[in-house]
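Summary of the model geometry
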Amino acid sequence: MGKYQFTVRLFLAAIVMLMAGFLLAADEGGYSKNSEDKVSLNDQTILPGDPRKVAVHDAGKFYTTIYETNIGLNGAGNSVDPETGELLKPLTYPKGSDLKYAYVGSLWIGGVADSDSFVTVGDDGWIGDRELFPEDYIRGNTYRTGNYADDEFISTVVDTFYGSEGPTFYHRPLGLEVVHRTYSWSDPLYDDFVIMEYTITNIQDKNITDGWAGIFLDADVNHISFNQSGYMDDCAGTLEVGLNDNVPSQKSLIAYIMDNDGDPIRSGGELVWDYRSPRGAISVRLLEASFDVERINFNWWCSSGNPDDGIFGPRQLGNYWPSPSASSYWRLDQRKYDDLSYPEIDYNQLETNLFDTTNGWRNPPVETAIDVADGCDTRFLLSFGPFDLPPGDSVTFAVALVAADNVHANPDDFANFYEMYDPIPFEKSLDFSELILHHRRAEQVYKSGLKKPTPGPPQGMKIVDYDDDYVDLTWNASIRPDLAGYNLYSRDKTYNGEWQKFNSYLMMDTICRFDVPYSTNEYDWAVSLSDRRHRESGLSLPVSLTPARPHPVKEFSISVIDAVPVLSWTPSVDSANVEFVVYRGERGDSLYPYDLTSEHSYRDYNVVSGDRYYYSVAVKNELGLESLLSDILYAIPMAMNEGILLCDFNGWSHSQTGPFYTSYLETLYNNALSRLPSRMEMYDRFYHTINEFADYNILIFDSESRWNLIDPRAFDDLRTYFDGGGKAIIISSIFRSPSDETITWTFDDNDFFKQYLKLDGLVTNALVFDGAYFYGDLMGCASLHSDYEDILADTAKLTASQLPISGYIPMTGYLIPTEEAEPIYSYISSDADTVHHGAVNGIRYLGDDYQFVLLNFPLTLMDGETAVAVLHRALMDMGIDVLCGDANGDNRTDVADAVTLLHYLFRGGSPPSDEAHADVDCDGEIVLADAIMIINFIFRDGALLKCCQN
């Protein structure tokens, strides 16, 4: 192992998979919604109009989070409600009951582009793949809005990343933008559902045909105290009912999941309901679409909890794809596309044992059918289409997510009536009337243009100016066509805290001046709106102020100097005899008072390299009153003083198989880096954060045998590293194309690869395998720059491989660089007539802002001595003196260099050929200590040499 520390971090997930991947791919009226429930965080950290990653619908009985475009907690983790600071909860109904009705729901979108099927999922509900992300991954892109509903949010995500969050990694994007609008109400007639509207736009240049969209739902119906097992007895099915009184013949398909028996509790020898009994159902229905919906499909399936153990779902005889049988099912877009598009409405799960080939369905395994018919870990997909999406075009559709109680009528019905081969008596005992009623109301609300319930409150309330005797307030204008006007309310919290209407008549303006009676009292202000039917909404989120407060600072900014966050600001005009309170937090929604200063700037020395710190500043006057907070900004200090971090992303699965032997990599890097301050890490997972490399001024990413694609979580971290002046050497072969064809990947101006890695595109070569051998044609790389020398493949390493490789290195591709990139290598093919021959496969960018060298070929499979020289040259491009200790100029550091120094110092010998290389302790002079350091380094495993040029 030489001087390296080879370790495995089992919990790191790869920023460099980004690299490997990259190179692979390249109430009714009044105030029924209590304004105390969600307080303004003007005095804290997040304003109502700020972006967040999660929306919380809790206006009525239906509680759910919307995480970007996903329903439920999956992905949101232990996050908090950004408006209350409370921990998020699962989808529960009724709110506060702890009766959980969903694990996760998400949007699935599929289509055909370039004669191939593509599918993008918000969440696959199983192995954790997510492929829709906000462009600002850290802050999110979800906003509270307010035109129609008490809780109303809009989220925007895109499907443009070549990779997914989750273990599948490989994802081919369709190039979509999804705008997701969600609405829920406190009005007791309309508080059992959330209406969700999606607008999907093709934002790239490929034509999408035969598009399908679907809502996936993994329900998990149980009391949260049964979280470890309660989800294993769910049952799915459909209802086909008429909801439009004007067209009685028109039927709507409702997809639902319920607990099989409602979880009755045995008490005194009898089955009874108690607070832990989820007697209801969760359901989804298409409300409307902007395209002609030819078909609605419904598929359900069960999992064992382990994707490799197998799953079961009904399949009609004509359906090509078999019932899913392993985790590989989820790794094929074609199979997901089939679930979305094949014309099939599955039978109700309770009836599993009634369907076989005699009525057009594939026979399920007997034991499987018995096991799933009475409930299992069930999820479903309700899908609709088709539609076409030319570049720039959009489609819109709306769905209702609806819950209801009392589907299970009596606690002993399941025990008394259910038989696996005769489930009909039990099905007849179920009562879906409440669920259908709630769907009918959701239909009425949507058809009314979202105006049937009591209006929702305005949003965007904020203070724009104030002094001791007035406060100027404004809010967002409503777009409701039936708007009659606004009412402003205030309350003196210091006096009695009762809300008082400010205006005598409805106001049409969205700005108002409030005359302040007592400047040292604390006030809240909120606004409502009224429609033309004289229905008044609840109050908006309030804003708070003590008018005697000082004004906030202006021009707040943060920079990082020598790994120290430096805050600066401009005081307000009334800031005489004040202090400034610095707020800090590790999350944008958890700031706390951190320090006081009388200066107009602040340096925070108590930080950890690589951690993200959020800051804001308030002004504190002689009365002890604080201003509102300034903007919230963050900084990530990076020490960048620990030398070189070598990241091996080739993975344990390849360490002893194929040509990518660990020994080849160890040999290369021990020879190249043993005299340099460096550390090596082996990564077996696919994402890690900037904390892992913020201490290092040079990163070497080696990903030669990986073919996994981009994890978009890595983008912000790498941007941060490069924006801080980082340097990287990226070594990766394009290990394989995601198909059996050569594929060209192109990047737009906002893509990370174009912005930071200076690539217009790249090409992945197909995997060529004839059943006996893998074939390739890369025989070497020709230098395009005098600093670098030609390098040839070491075919002996391929011959020694446990993989049957014939010829030269297989499955490597080439780069299409921008003008900013400087080509340094080109592809030498064994066949000069191929399109690969002469294509660029190595570039560098040595900017004043950041630097990198990118080698798109497997360096460890090249000639060993030349590979070391190439790596040394790349390090020299990064400003590293690779010859520290080479006193005699032979491009090596060994005992001869110590002898040269001793002769020079004591026997009048020739001086060192380069004094900067001989001064190995960087003290500015050549003395005996330098020779001793070289000897100790060579023979006694002494401290690393550190010349000043390092």
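Residues numbered from 1 in each chain as written. Predicted model: local features only at pLDDT ≥ 70, side-chain atom pairs only at ≥ 80, totals over all residues. Heavy atoms only, no water.

Points about the overall build of the chain
The number of helices and strands found in the chain is 14 helices and 52 strands. The 950 residues of the chain split such that 59% are buried. Summed over its atoms, the accessible surface of the chain is roughly 36,600 Å², and 47% of this surface lies on carbon and sulfur atoms. (Helix = DSSP H or I, 4+ residues; strand = E, 2+ residues; numbered from the N terminus. Buried < 20%, exposed > 50% of the residue type's maximum accessible area, 1.4 Å probe, protein only. Areas by Shrake-Rupley, 256 points an atom, 1.4 Å probe, with all protein chains shown as cover.)

Some words on the pairing of strand 26 (residues 483–492)
Across the ten residues of strand 26, nine count as buried, placing the element largely inside the fold. The pairing of strand 26 with strand 29 (residues 523–531) spans nine bridges and is classified as antiparallel. Following the sheet pairing, D492 is matched in strand 29 by Y523. Two strands pair when backbone bridges link them, and strand 26 and strand 27 (residues 500–501) are joined in this way by two bridges, in the antiparallel orientation. Within strand 27, the residue paired with S490 across the bridge is Q500. (Pairing = 2+ DSSP bridges.)

Let's talk about the environment of G230
Here G230 shows up in the loop between strand 14 (222–223) and strand 15 (234–241). In this structure, the C-alpha to C-alpha distance between G230 and C376, residues 146 residues apart in sequence, is 9.5 Å.

Notes on unusual backbone geometry
Note the cis peptide between Y93 and P94, where omega equals -10°. Mapped onto the fold, P94 is located in the loop between strand 5 (91–92) and strand 6 (99–102). In the Ramachandran plot, S115 falls in the positive-phi region, its phi being about 65° despite a non-glycine side chain. Among the secondary structure elements, S115 is positioned in the loop between strand 7 (104–113) and strand 8 (116–121).

Side note on the sheet that holds strand 27
Taken in spatial order, the four strands line up as 27-26-29-30 in an open sheet, and their pairing is antiparallel. A single partner strand is all that each edge strand has here, and the edge strands are strand 27 and strand 30 (543–545).

Focus on the packing of aromatic side chains
If you walk through the whole model with that rule in mind, you get 42 aromatic pairs. Both rings, one in Y198 and one in F397, keep their centres 5.1 Å apart while their planes meet at 25°; by these two values the pair is stacked. One end of the pair, Y198, is in strand 12 (residues 193–202); the other, F397, is in strand 23 (residues 394–404), with 199 residues separating them in the sequence. Of the two residues examined, Y198 and F397, each falls in the buried class. Where F298 meets F380, the ring centres are 5.6 Å apart and the plane angle is 50°; that geometry is what we call tilted. (Phe/Tyr/Trp six-rings, centres within 6.5 Å; stacked < 30°, edge-to-face > 60°.)

A closer look at the confidence of the model for the chain
Counting all residues, the mean pLDDT for the chain is 84, and 86% of those residues have values of 70 or more. The model gives residues 322–331 a pLDDT under 50, and that stretch makes 27 contacts with residues more than four places away or in other chains. (pLDDT = per-residue confidence, 0-100. Contact = heavy atoms within 4.5 Å.)

Comments concerning the pattern of salt bridges
Tallied over the full model, the rule gives 29 salt bridges. Residue D274 pairs with R276 through a salt bridge whose shortest N-O separation is 2.6 Å. Taking the relative accessible area as the measure of exposure, D274 reaches 23% and is therefore partly exposed. A salt bridge links R379 to D377; the nearest nitrogen and oxygen atoms lie 3.1 Å apart. Each member of the pair R379 and D377 is classed as buried. Three or more residues joined by partner-sharing salt bridges are found here, namely D787, E822, R844, R873 and D877. (Salt bridge = Lys/Arg side-chain N within 4 Å of Asp/Glu carboxyl O.)

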